Amino acid sequence: QVQLVESGGGLVQPGGSLRLSCAASGFTFSSYAMNWYRQTPGKERELVAGITKTSGTNYADSVKGRFTISRDNAKNTVYLQMNSLKPEDTGVYYCNARRQVLSRVDHWGQGTQVTVSS
């Protein structure tokens, strides 16, 4: 079955770094765009970064220059390198796999908590 398993979250001080990983299985990873979303209490889930099948990338304005998304199709894994972390980066980070052919297909991970605090 489809699985997306995130790892790498935790507690970090402001200015620190974390690297999130999302290991995928049960579908053709290279055929999907991969995204990282973030959710904080009381807010809607927001797109943080995305990478297409051909490794084109896009970022939320709030993380541009600080976060880098990448993918390794040989390992069926997508990464999010987060540098210069700020308290407002705190939230649950979700991995998403998306394919749009005739209709949109979405797969989601269970989320990993990132807390930026001194």
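Residues numbered from 1 in each chain as written. Predicted model: local features only at pLDDT ≥ 70, side-chain atom pairs only at ≥ 80, totals over all residues. Heavy atoms only, no water.

(A) A look at the pattern of salt bridges. The final tally for this structure, using the stated rule, is six salt bridges. D89 is the partner of R66 in a salt bridge, and the nearest nitrogen-oxygen pair spans 2.7 Å. Taken together, the residues R66 in the loop between β6 (57-59) and β7 (67-72) and D89 in the loop between β8 (77-82) and β9 (91-100) connect sequence positions 23 residues apart. Like R66, the residue D89 is buried in the burial classification. One salt bridge in this structure joins D106 and R98, with 2.6 Å as the shortest N-O distance. One network of salt bridges, in which partners are shared, links R38, E46, R66 and D89. (Salt bridge = Lys/Arg side-chain N within 4 Å of Asp/Glu carboxyl O. Helix = DSSP H or I, 4+ residues; strand = E, 2+ residues; numbered from the N terminus. Buried < 20%, exposed > 50% of the residue type's maximum accessible area, 1.4 Å probe, protein only.)

(B) Representation of the pairing of strand β4 (residues 33-39). In terms of residue burial, β4 counts as a mostly covered element, since five of its seven residues are buried. Pairing geometry for β4 and β9, over seven bridges, is antiparallel. Looking at the pairing, Q39 lines up with V92 of β9. Note: β4 against strand β5 (residues 46-51), five bridges, orientation antiparallel. Across the sheet, residue N35 finds its bridge partner in β5, namely G50. Here β4 hands over to β5 after six residues, with G42 in that stretch at a positive phi of 85°. (Pairing = 2+ DSSP bridges.)

Just distances and angles here, no functional claims.
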